[in-house]
Structure formats: structure tokens, C-alpha cells
Amino acid sequence: MKKNILIIENDEYLANIYNKKLTGDGFNAVIARDGNSGLRAATKSPPDLIILELLLPRKPGVEVLKELKADGNLKMIPVIISSDLSEKEMINECFRLGAVDFIIKAHINLSELSLRVKRALNQ
């Protein structure tokens, strides 16, 4: 059975690239463009994994992460942060809140994205 990935990303171009790569690798991928719609999508149909941008309209990614981890039905879903924010304090905060990985967008290629998704799903 295909694993479902929720991509919460406001950059349409990047979201579509992630979507194309992950669907090409055999995943079902869904895109949400802001924090509120991402939370609604996760609640409506809980995915197997979430890729979450931190700089989102309507609700920041850190707040989305906090709400996901506070929800008994969603807290076990692995969350990979994907952001250009690379300050050590922010990375540590995301891990403290429950993220399983942190991808710095400027340093990732699509093959590595796919490997990290597979690794997070197997943890």
C-alpha cells in the first residue's frame, strides 16, 4: 500500500517539485499551501508523514508542529521540517517539539529528500 505524504509548503514551485518526486517514487502526495489548511488536511485524512515548511501564511510552521504533536490522533505522524531557516536554535526547537528531521532547502537534492522520507517512515 502506498504511503501518504502531506506537503505543507507555500512555495508552489517547490511544493510541485516535491510532489512530483515523491509520487514518482511511489508515494501519494498532497499539498497544502498554508498552516491552517495543512492542519485541516492532516486532521481530515491523517498522512503517514508530513513535510512542513516553517515560514507559512496564516499559521507559522512551528505552531503547526506544536498543534500536530498536541493532537492525540496526529502526534505519532513523523514530521520533516523543510526550511531555509538554518539557525541552530530553530533547528533544536523543532527537534524538541517532535520533528524527526530538518532539511535546509538550499542544501537538499531530490534524491536525498526521498531517502530522508523513506528513513523517517521506517523509524
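So, how was this worked out
- Residues numbered from 1 in each chain as written.
- Predicted model: local features only at pLDDT ≥ 70, side-chain atom pairs only at ≥ 80, totals over all residues.
- Heavy atoms only, no water.
- Salt bridge = Lys/Arg side-chain N within 4 Å of Asp/Glu carboxyl O.
- Helix = DSSP H or I, 4+ residues; strand = E, 2+ residues; numbered from the N terminus.
- Buried < 20%, exposed > 50% of the residue type's maximum accessible area, 1.4 Å probe, protein only.
- Polar contact = N/O pair within 3.5 Å; in protein donor to acceptor, adjacent residues only side chain to side chain.
- Arc of directions from axis to C-beta.
- Pairing = 2+ DSSP bridges.
- Right-handed = clockwise from strand over helix to strand, strands pointing away.
- Axes fitted to C-alpha atoms, helices over the stretch in contact; angles between N-to-C directions.
- Core = buried A, V, L, I, M, F, W, Y, C linked by side-chain atoms within 4.5 Å.
- Contact = heavy atoms within 4.5 Å.

Once the charged atoms of two side chains with opposite charge are near each other, the side chains can pair. Applying the stated criterion across every chain yields a total of 11 salt bridges. Across the pair R33 and E12 runs a salt bridge whose closest N-O atoms are separated by 3.9 Å. Highlighted residues: R33 in the loop between β2 (28-32) and α2 (35-44) and E12 in helix α1 (residues 12-24), separated in sequence by 21 residues. On the basis of relative accessible area, R33 is assigned to the partly exposed category, the value being 36%. You can call E12 partly exposed: its relative accessible area is 48%. Across the pair K21 and D25 runs a salt bridge, and its minimum N-O distance is 3.3 Å. Here the residues in one salt-bridge network are D101, E112, R116 and R119, joined through shared partners.

Now for the side chain of E53. Take E53: it is sitting in the loop between β3 (49-52) and α3 (61-70). Polar contacts involving the side chain of E53 include one to the side chain of K105, which spans 2.3 Å.

This part covers α3. By the burial criterion, the buried members of α3 are G61, V62, V64, L65, L68 and K69. Seen end-on, α3 carries its buried residues on one side only, within an arc spanning 155°.

The next subject is the pairing of strand β5 (residues 101-104). Sheet topology note: the strand β4 (residues 79-83)/β5 ladder contains 4 bridges and is parallel. By the bridge assignment, I81 is partnered in β5 with F102. You can see the chain leave β4, run along helix α4 (residues 88-97) and come back into β5, and the turn it takes is right-handed.

Okay, the sheet that holds β5 next. Pairing in this open sheet of 5 strands is parallel, and the strands run β2-β1-β3-β4-β5 from one edge to the other. With partners counted over all chains shown, the strands left at the sheet margins are β2 and β5, one partner each. Taken over all neighbouring pairs, the strand axes of this sheet differ in orientation by 20° on average, direction set aside. Sheet topology note: the strand β1 (residues 4-8)/β2 ladder contains 5 bridges and is parallel.

Okay, the nonpolar core next. In this structure, I8, I50, L52, L65, L68 and I81 are the most contacted members of the largest nonpolar core, which totals 22 residues. At the level of elements, β1, α2, β3, α3, β4 and α4 are the ones that each hand at least two residues to this core. A per-element tally of this core places α3 first, with 4 residues. Those residues in contact with I81 that sit more than four places away from it in its chain are L52, L54, L65, C94, A99, D101, F102 and I103. Of all hydrophobic cores here, the second largest spans 15 residues; its members include I7, I51, I80 and I108.

Right, let's get into the environment of L68. Along the polypeptide, L68 turns up in helix α3. The class of L68 is buried, set by a relative accessible area of 2%. For the pair formed by L68 and G26, sequence separation is 42 residues and the distance between their alpha carbons is 25 Å. Discounting chain neighbours no more than four positions away, the residues touching L68 are L39, A42, I50, L74, K75 and V79.

Nothing here speaks to function; it is geometry throughout.
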